[in-house]
Amino acid sequence: MEDIGRIVQDIHDKIHADADWGIPAQYISELAGVASDQFAISVVTADGRCWSAGRSRQPFSIQSISKVFALIATLGRIGEQLWTRVGREPTRTAFDSIMLLESDGGRPPNPFVNAGAIVTTDALLSGREPSQALAEILGLIREMAETDEIYINDRVAESERRTGERNKAIAHYLASHGNLSNEPDLTLGTYFHQCAIEMTTEQLAMSGRALAGLDGVPRTISALHAKRANALMLTCGHYDASGEFAFQVGLPGKSGVGGGILLIAPRTASIAIWSPGLNGYGNSHAGTRAAAMLAKATGWSVF
């Protein structure tokens, strides 16, 4: 496994030599000002070692990667009932599109587009205060990462609330179809804070070990829920670029507009990559290339 250390350093060096960074998310003011020329990669292997290069201890906003943890928490709470409210199909539409809600009667196509994530958060919230739902998501992440040093950035959450008109429209549209159990603003407040969780790549890679099914990792989630999450990460984890990501990388992955990617090599490794500049799909520009480099160098693939 010494080769992994060399591989991640080579990827880091190549990304910096290319200096092709993309543009940070401009519609969230707290993210818009983040310097784009940053990169980190961490790989946790089956022997428990963590191999990192770059700014692997720099916290960043995980944004939509939080949808994976919210999904697992919600499945743990209500199980398969969730699928009556959210589908399991990939889309060819943007992550914040409302088009399929119109044609499908207010049922989002999957839990990783914004509409589906809002419904998932609403299901987790039902019957509880937002602080309880957020504590469950944050507690799950901390347990999976084996550290309490993971927090919500309130400034990012407030920034999303101020500029989240499209998400507000989606929530009210879901409510108009009877697919929200709580007041839209209550669900949205929980959702915005969930997306504002910050992690380092080292923490994020550690949290993915249970999804990868690595030996010796405490059983924080069920094998079934890990299987469900991995399947959706492969087919839906990069929005309307999910097919291309699967084609180029061949591993389940979930992106976030904070520039992070959680990548799973089943029974082999858990990987986290961060570079805040985005491509036109809202995925990390340098991070997506780095994921393809890693898959090619290691031969890791589910195919």
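Rules of the game
Sequence order as written defines residue numbering, which begins from 1 separately in each chain. The predicted origin of the model limits local features to residues at a pLDDT of at least 70 and limits the giving and counting of side-chain atom pairs to 80 or more, whereas totals for whole chains, interfaces and linings rest on all residues. Excluding hydrogens and water, the side-chain figures rest on all heavy atoms present in the structure. The helix count covers DSSP runs of H or I at least four residues long, the strand count covers runs of E at least two residues long, and both are numbered beginning at the N terminus. Between buried and exposed lies partly exposed: a residue is buried under 20% and exposed over 50% of the maximum accessible area for its type, with that area taken using a 1.4 Å probe on protein chains only. By definition in these notes, contact holds between two residues if any of their heavy atoms fall within 4.5 Å. By the convention used here, strands pair only if DSSP detects at least 2 bridges between them. The nonpolar core is taken to be a set of buried Ala, Val, Leu, Ile, Met, Phe, Trp, Tyr and Cys residues, with the residues joined through side-chain atoms within 4.5 Å. Counted as salt bridges are all cases of a side-chain nitrogen of Lys or Arg within 4 Å of a carboxyl oxygen of Asp or Glu.

Enquirer: Describe the environment of H285, listing the residues and the values that go with them.
Expert: Secondary-structure assignment places H285 in helix α14 (residues 285-298). Owing to a relative accessible area of 22%, H285 belongs among the partly exposed residues under this scheme. Taking the C-alpha atoms as reference points, H285 and Y27, 258 residues apart in sequence, are found 17 Å from one another. Among residues more than four places away in sequence, those in contact with H285 are D20, W21, G22, G277, L278 and N279.

Enquirer: Account for the environment of D104, with residues named and values stated.
Expert: Considering the arrangement of structural elements, one finds D104 in the loop between α4 (99-103) and α5 (114-125). For D104, a relative accessible area of 42% puts it in the partly exposed group. Distance from D104 to G87, taken between C-alpha atoms, is 9.9 Å for residues 17 residues apart in sequence.

Enquirer: Talk me through the pairing of strand β1 (residues 40-45); I want residue IDs and the actual numbers.
Expert: Burial within β1 is extensive, with six of its six residues counted as buried. The side-chain alternation of β1 yields two buried faces, one formed by A40, S42 and V44 and the other by I41, V43 and T45. With five bridges joining them, β1 and strand β2 (residues 50-54) adopt antiparallel strand pairing. Opposite V44, over in β2, you have C50 as the bridge partner. Between β1 and β2, which pair antiparallel in sequence order, lie four residues; one of them, G48, sits at a positive phi of approximately 90°.

Enquirer: Run through the sheet that holds strand β3 (residues 60-61), naming residues and quoting values.
Expert: Spatial ordering of the open sheet is given by β3-β5-β4, a layout of three strands whose pairing is antiparallel. Pairing within the sheet leaves two strands with one partner each, and these edge strands are β3 and β4 (151-152). In this structure, β4 lies alongside strand β5 (residues 197-199), joined through two bridges in antiparallel fashion. Looking at the pairing, I152 lines up with I197 of β5.

Enquirer: Tell me what's going on with the nonpolar core, and back it up with residues and numbers.
Expert: Counting residues in hydrophobic clusters, the biggest one holds 60 residues, and the most contacted among them are F69 and L211. Residues V43, A269, I273 and A291 belong to the second largest nonpolar core, which totals 26 residues.

Enquirer: Give me the pattern of salt bridges: which residues, what numbers.
Expert: Scanning all chains against the criterion turns up twelve salt bridges. Close ionic contact of K14 with D18 constitutes a salt bridge, the shortest N to O distance being 3.0 Å. Here the residue K14 and the residue D18 both occupy positions in helix α1 (residues 2-18), the gap between them amounting to four residues, near one helical turn. For R209, the salt bridge goes to E146, with nearest N and O atoms at 3.3 Å. Placement of the pair is R209 in helix α11 (residues 209-212) and E146 in the loop between α6 (130-145) and β4, with a sequence separation of 63 residues. Residues joined by salt bridges that share partners form a network here, namely K14, D18, D20 and R289.

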